[in-house]
Amino acid sequence: APLFQVPTELAGRLGDYRSPLRFEDGSRVTTAAQWPRRRAEILRAWHGVMGAWPAVLADPKLETIAESRRETFTQRRVRLDVAPGQRIEGWLLVPDGAGPFPAVVVPFYEPETSVGLGARPHRDFARQLTRAGFVTLSIGTPVGDARVPERGVVTAQPLSYYAYVAANCWTAVASLPIVDPARIGIVGHSYGGKWSMFGGAFWDKYAAVATSDPGIVFDETRTNVNYWEPWYLGFDPRVQRPAPGLPTADNPRTGAYKVLREQGRDLHEVHALIAPRPFFVSGGAEDPPSRWVALNHLVAVNRLLGHADRVGMSNRSTHDPTPESNAQIVAFFRHFLGRS
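The structure contained in this document is the topic of the report that follows. Computed from a prediction, not measured in an experiment: that's the story for all the values here. (Residues numbered from 1 in each chain as written. Predicted model: local features only at pLDDT ≥ 70, side-chain atom pairs only at ≥ 80, totals over all residues. Heavy atoms only, no water.)

Let us look at the overall build of the chain. From N to C terminus, the chain includes 9 helices and 11 strands. For the chain, the C-alpha radius of gyration of 19 Å lies close to 20 Å, the compact-globule estimate for 340 residues. Counting only C-alpha atoms and orienting by the principal axes, one finds that the chain spans roughly 55 × 45 × 40 Å. Here the chain holds 340 residues, and 57% of them are scored as buried. For the chain, long-range pairs separated by at least 24 residues make up 68% of all intrachain contacts whose partners lie at least 6 apart in sequence. Only carbon and sulfur atoms are counted for the fraction: they give 52% of the accessible area of the chain, which is about 13,600 Å². (Helix = DSSP H or I, 4+ residues; strand = E, 2+ residues; numbered from the N terminus. Rg over C-alpha atoms; globule rule 2.2 N^0.38 Å. Buried < 20%, exposed > 50% of the residue type's maximum accessible area, 1.4 Å probe, protein only. Contact = heavy atoms within 4.5 Å. Areas by Shrake-Rupley, 256 points an atom, 1.4 Å probe, with all protein chains shown as cover.)

This is the structure in structure tokens:
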């Protein structure tokens, strides 16, 4: 509960961010009844810059290709549709019991790390959530390298493409008889954290959204908050950045990122799309407590909609997750999704 309280020294601070409670024509959103129109306006603006999605798959197939027993759950190697003409493999972990269970989708570079089969510690979100009673689907970069994703027929920016993949993963998981479709969340770390934040924001059927240290605002002082790179929002088929790294006069902004910045937009508008669903930021080196200045705008949206305690953030000094930060993520999902 304390993680859902704005620190006293940051309460009410809104910074230079343009309020998401202001329509494009400058008028204010003053009632909850007006919010759907403003939300649709934000969606149109971002999709308009990032590129439109194809239709979300109506019936994405999810098939088991191998199954084994592990700890207190069943581990299934699965193959599923994530975009037109694109099928990937991942891991579905199913806890013991009858269900229906809540579920969480966990994106990362590859799915093995999320289920505890990789070499990097404390990134096994899926395994920890399944131990706590959640069905989890772990996926990786759909096709190609994370820096050069193959988007197939999807022409939107790579990060928007990932959000589209997340939408199709939701549909696949929701179709499982063992899953309660009203209780499906999404979480990821770093690259996966950007993915989970955009996936949860742009597909409103996710019931709860968490992200681990992705950089929740545009910040050109932090190398890892790199939405400007072509594998996130900076893709431009006509102009290539000379090299990865912070935008400079010699290495300028490109693609949708350039346009979004020129329009005065920032990721607090993406956060606003999540309201009134609960949103939790597991902050580390890239997301210190000062990010509450941006999150205060989401608090204000939730307040207008009649909700409190829907925005939370924890903080640690390192980018890497810790046992404590992982326990907080599990507690977040157990609180908001663990009840039928």
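Structure shown, so let's carry the discussion forward.
Take the environment of Leu92 next. With respect to the helices and strands, the residue Leu92 is situated in strand E3 (residues 86-95). Leu92 sits in the buried class, given a relative accessible area of 1%. Here the alpha-carbon distance between Leu92 and Arg77, two residues 15 residues apart in the chain, equals 6.4 Å. The residues touching Leu92, leaving out its near neighbours within four places in the chain, are Thr74, Gln75, Arg76, Val78, Val135, Thr136, Leu137 and Leu176.

A few words now on the environment of Phe280. The topology assignment puts Phe280 in strand E10 (residues 279-283). Through-space distance from the C-alpha of Phe280 to that of Ile329 is 7.8 Å; in sequence the pair is 49 residues apart. The residues contacting Phe280, other than those within four sequence positions of it, are Leu3, Phe4, Val209, Ala210, Thr211, Gly312, Met313, Ser314, Gln328, Ile329 and Phe332.

Within the secondary structure, Arg38 is located in helix H1 (residues 35-50). Overall, the relative accessible area of 0% leaves Arg38 in the buried class. Polar contacts involving the side chain of Arg38 include one to the side chain of Glu41, which spans 2.7 Å. Excluding anything up to four places from it in sequence, Arg38 contacts Arg18, Ser19, Pro20, Arg22, Phe23, Glu24, Val29 and Glu269. (Polar contact = N/O pair within 3.5 Å; in protein donor to acceptor, adjacent residues only side chain to side chain.)

Our next topic: helix H6 (residues 255-262). The periodicity of an α-helix, 3.6 residues per turn, causes residues three or four positions apart to be oriented the same way. Those residues of H6 that fall on the buried side of the exposure criterion are Gly255, Ala256, Tyr257 and Leu260. Buried positions along H6 lie against H1. Once H6 ends, the next one or two residues include Gly264, with phi positive near 75 degrees.

At a closest axis distance of 8 Å, the pairing of helix H4 (residues 158-174) and helix H5 (residues 191-202) adopts a crossing angle of 65 degrees. As judged from the angle between their axes, H4 and H5 are roughly perpendicular. Taken as a pair, H4 and H5 cross one another with a handedness that is right-handed. Between H4 and H5, the residues in contact are Leu159, Tyr162, Ala163, Val165 and Ala166 and Tyr191, Lys194, Trp195, Phe198, Gly199 and Phe202, respectively. When grouped by side-chain class, the residues that make up the contact of H4 with H5 number 9 nonpolar, 1 polar and 1 charged. (Axes fitted to C-alpha atoms, helices over the stretch in contact; angles between N-to-C directions. Parallel < 35°, antiparallel > 145°, perpendicular 65-115°, else oblique. Left-handed = near helix turned anticlockwise from the far one by under 90°. Nonpolar A, V, L, I, M, F, W, Y, C, P; charged D, E, K, R; others polar.)

How two aromatic rings sit relative to each other is given by the distance of their centres and the angle of their planes. Evaluated as defined, the whole model comprises 24 aromatic pairs. Here Phe4 and Phe336 contribute two aromatic rings whose centre-to-centre distance is 5.9 Å and whose plane-to-plane angle is 45 degrees, an arrangement assigned as tilted. Within this pair, whereas Phe4 is found in the segment before H1, its partner Phe336 is found in helix H9 (residues 323-337), the two being separated by 332 residues in sequence. Overall, Phe4 belongs to the buried group, its relative accessible area being 15%. For Phe336, a relative accessible area of 24% gives the class partly exposed. Seen from the ring of Phe235, Arg151 lies directly overhead, with NZ or CZ sitting 4.4 Å from the centre. Sitting above the plane of the Tyr227 ring, Lys194 keeps its charged end 4.8 Å from the centroid. (Phe/Tyr/Trp six-rings, centres within 6.5 Å; stacked < 30°, edge-to-face > 60°. Lys NZ or Arg CZ within 6 Å of the ring centre and 35° of its normal.)

Considering soluble globular proteins, one finds that nonpolar side chains tend to be buried as a cluster. With 84 residues, the main nonpolar core has Trp46, Phe198, Phe202 and Tyr227 as its most contacted residues. With residues up to four places along the chain from it excluded, the contact list for Phe202 reads Leu43, Trp46, His47, Met50, Trp53, Ala163, Val270 and Leu273. (Core = buried A, V, L, I, M, F, W, Y, C linked by side-chain atoms within 4.5 Å.)

All right, on to the environment of Gln240 then. With respect to the helices and strands, the residue Gln240 is situated in the loop between strand E9 (208-212) and H6. Here the alpha-carbon distance between Gln240 and Pro230, two residues 10 residues apart in the chain, equals 8.1 Å.

Along the chain, Gly99 connects to Pro100 via a cis peptide bond; the corresponding omega equals 0 degrees. Along the chain, Pro100 falls in the loop between E3 and strand E4 (101-107). Look at the link from Ala275 to Pro276: it is a cis peptide, with omega at 0 degrees. Despite not being glycine, Glu71 has its phi angle at roughly 45 degrees, a positive value. Mapping Glu71 onto the fold places it in the loop between strand E1 (62-70) and strand E2 (73-83). One non-glycine residue, Ser190, lies in positive phi territory at about 60 degrees. Checked against the element boundaries, Ser190 lands in the loop between strand E8 (179-189) and H5. Accessibility expressed as a relative area gives 16% for Ser190, which makes it buried.

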